[in-house]
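Chain and residue survey
Listed here are the chains, written in short residue letters.
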Amino acid sequence: MWGGRFAGAPAAIMAEINSSIAVDKRFWREDIAASRAHVAMLGTQGIISAADAEAIRSGLDRIEAEYAAQGVTEDPALEDIHMHVEHRLTELIGPAAGRLHTARSRNDQVATDFRLWVRRAVDEIGNALADLQRVLVIRAEEHAASVMPGFTHLQSAQPVTLGHHLMAYYEMLRRDGRRFADARARMNESPLGAAALAGTGFPIDRHAAAAALGFDRPAANSLDAVSDRDFALDFLMAATQCSLHLSRLAEEIVIWASQPFGFVALPDDYSTGSSIMPQKRNPDAAELVRGHSGRISGAMLSLLVTLKGLPLAYSKDLQDDKPPVFEAYDLLILSLRAMTGMIEAARFDTGRMRAAAEAGFATATDLADWLVREAGVPFREAHHITGRAVKLAESSGVQLAELPLDGLRQIDARIDERVYDVLSVDASVASRTPATAALRPPTCWRRSRPPGTRSVFPAKRGSARPRPISAACA
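What you see is a predicted model, and the numbers here were worked out from it, not measured in a lab.

Cut-offs and rules
- Starting from 1, residues in each chain are numbered consecutively following that chain's sequence as written.
- In keeping with the predicted nature of the model, local features appear solely for residues at pLDDT of at least 70, side-chain atom pairs appear and are counted solely at 80 or more, and the whole-chain, interface and lining totals rest on all residues.
- Hydrogens and water molecules were not included; the side-chain quantities draw on all heavy atoms of the structure.
- Pairing of aromatic side chains requires ring centres within 6.5 Å, counting the rings of Phe and Tyr and the six-membered ring of Trp. Pairs whose planes differ by under 30 degrees are stacked, by over 60 edge-to-face, and all others tilted.
- Under the scheme used here, helices are H or I runs from DSSP no shorter than 4 residues and strands are E runs no shorter than 2 residues, and both carry numbers assigned from the N terminus.
- For each residue, the accessible area found with a 1.4 Å probe, counting protein chains only, is set against the maximum for its type, and the residue is called buried under 20%, exposed over 50%, and partly exposed in between.
- Put simply, a charge is over a ring when the Lys NZ or the Arg CZ is close to the ring centre, within 6 Å, and near the line of the ring normal, within 35 degrees.
- By the convention used here, strands pair only if DSSP detects at least 2 bridges between them.

Our next topic: the packing of aromatic side chains. Taken as a whole and assessed by the stated rule, the structure comprises eleven aromatic pairs. Summarising the aromatic geometry, the rings of Phe114 and Phe231 are spaced 5.3 Å apart at their centres and angled 80° between planes, so their arrangement reads as edge-to-face. Of this pair, Phe114 sits in helix α6 (residues 106-142) while Phe231 sits in helix α10 (residues 230-257); the two residues are 117 residues apart in sequence, bridging distant segments of the chain. As far as burial versus exposure is concerned, Phe114 and Phe231 are alike and both buried. Its relative accessible area of 0% is what places Phe114 among the buried residues. Chaining the aromatic ring pairs together yields one cluster made of Phe27, Phe114, Trp117, Phe231, Phe326 and Tyr329. In this structure, Arg26 packs its charged tip against the face of Phe326, placed 4.9 Å from the ring centre. Directly above the aromatic system of Phe114 lies the positively charged group of Lys322, at a separation of 5.6 Å from the ring centroid.

Spelled out as structure tokens, the structure:
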């Protein structure tokens, strides 16, 4: 490939450190797709003959079929996936294969392949996000009236419903979808034609090649095109935030599944046992989702540090840009699928949730609000009065709704029998119905949609063909 400048072969350790095929073989599909678009453009522009263009296209088709059936056979001497494809193409069609690399460099080639791979990864994550959001909506609707304690500082605060609680995670994932959609829009520019760094003197048509690969436009600056990895950082930052949201939900599952809480039970297929304690049912799937978040955050930091001191244009440090992105994708897609399964299969103990909501003086704020609304008491004074009522209930071993009216009137004579209308957890939740209107998701995410509304959900689970993530419906 570059032996004309060098008299000797690289040292063994140099060959080992320089080879990236073990990592970048992952985007063989993207490499073949980009080469197919490039050679079609070369043929159309008359830069290579129609016969050579057809021979190369046919050879690429054969390589694609071979890799799809058998995978990529690694040869470290060929360094990367680009040279593996070109080497196999030469074996298949002879010297004409050498014309494929006309008017391009491995610098714009890898930048193109990597963008195509990340774009596809974003679409697949968008599908997985949609699956989890759908399950959250289904379970939230199922538990729209299931009362549970809402927490601050992990202390019982005010009654809410399990449906409302689950939909909080729907909102987090909705923002995640938008971040991925934004990242996809920014990355959708083609580096092809930038060549090594300064473009090419051949009369190429960058717009045609970009359109063939589904890009919106060619990248505007050749130096930036080959050295930019913002698209990878955008992906990792969106993945990190998404994994943090999954980690928070996983943490709640771990807490809720513990015996002191007992709010949820995971079935056998999402639990593990102990090698020594027969009674154990461990929420390991949730714990692993929580653990994966740290590794995804580490992947983001890894690429940030790699990029921070690189001069323009391409440097070999960029060979290390792919492992953190691949790892983050693998962990995030696995976490999303595991969380979808857990939420779908979880058995919620709504009776225990209600008992916990009723046991924590969670309607104290409702008493304070009643004093403000019905008795005209300033809120700070109402807060103080309510605190005394909580202290009385606590010392008496009863809940606020169980305090006798005489006891409440001894605290403040303005309290009357109407106060009992707000002291139950059901009354508290019902009084806040307008605040829970967001329980119902946007129309485009609903299972029942008005005519003409496009669903963003896969036609069936496990669909192999990813759809572009929709910013409008994310």
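Once the structure has been displayed, the description carries forward.
Okay, the pairing of strand β1 (residues 147-152) next. The two faces of a sheet get side chains in turn, since along a regular strand they alternate between them. Note that β1 and strand β2 (residues 155-161) share six bridges and pair antiparallel. Bridge assignment links Pro149 to a residue of β2, and that residue is Pro159. The turn linking β1 back onto β2 is made up of two residues, and His153 within it adopts a positive phi angle of 60°.

This paragraph deals with unusual backbone geometry. Each neighbour pair has its own omega, and for Leu312 with Ala313 the value is 5°, a cis peptide bond. Within the fold, Ala313 resides in the loop between α11 (284-307) and α12 (322-345). Unusually for a residue other than glycine, His153 sits at a positive phi of about 60°. Here His153 is to be found in the loop between β1 and β2. Note on His153: relative accessible area 77%, which makes it exposed. Despite not being glycine, Leu154 shows a phi value in the positive range, around 60°. Examined against the element boundaries, Leu154 turns out to sit in the loop between β1 and β2.

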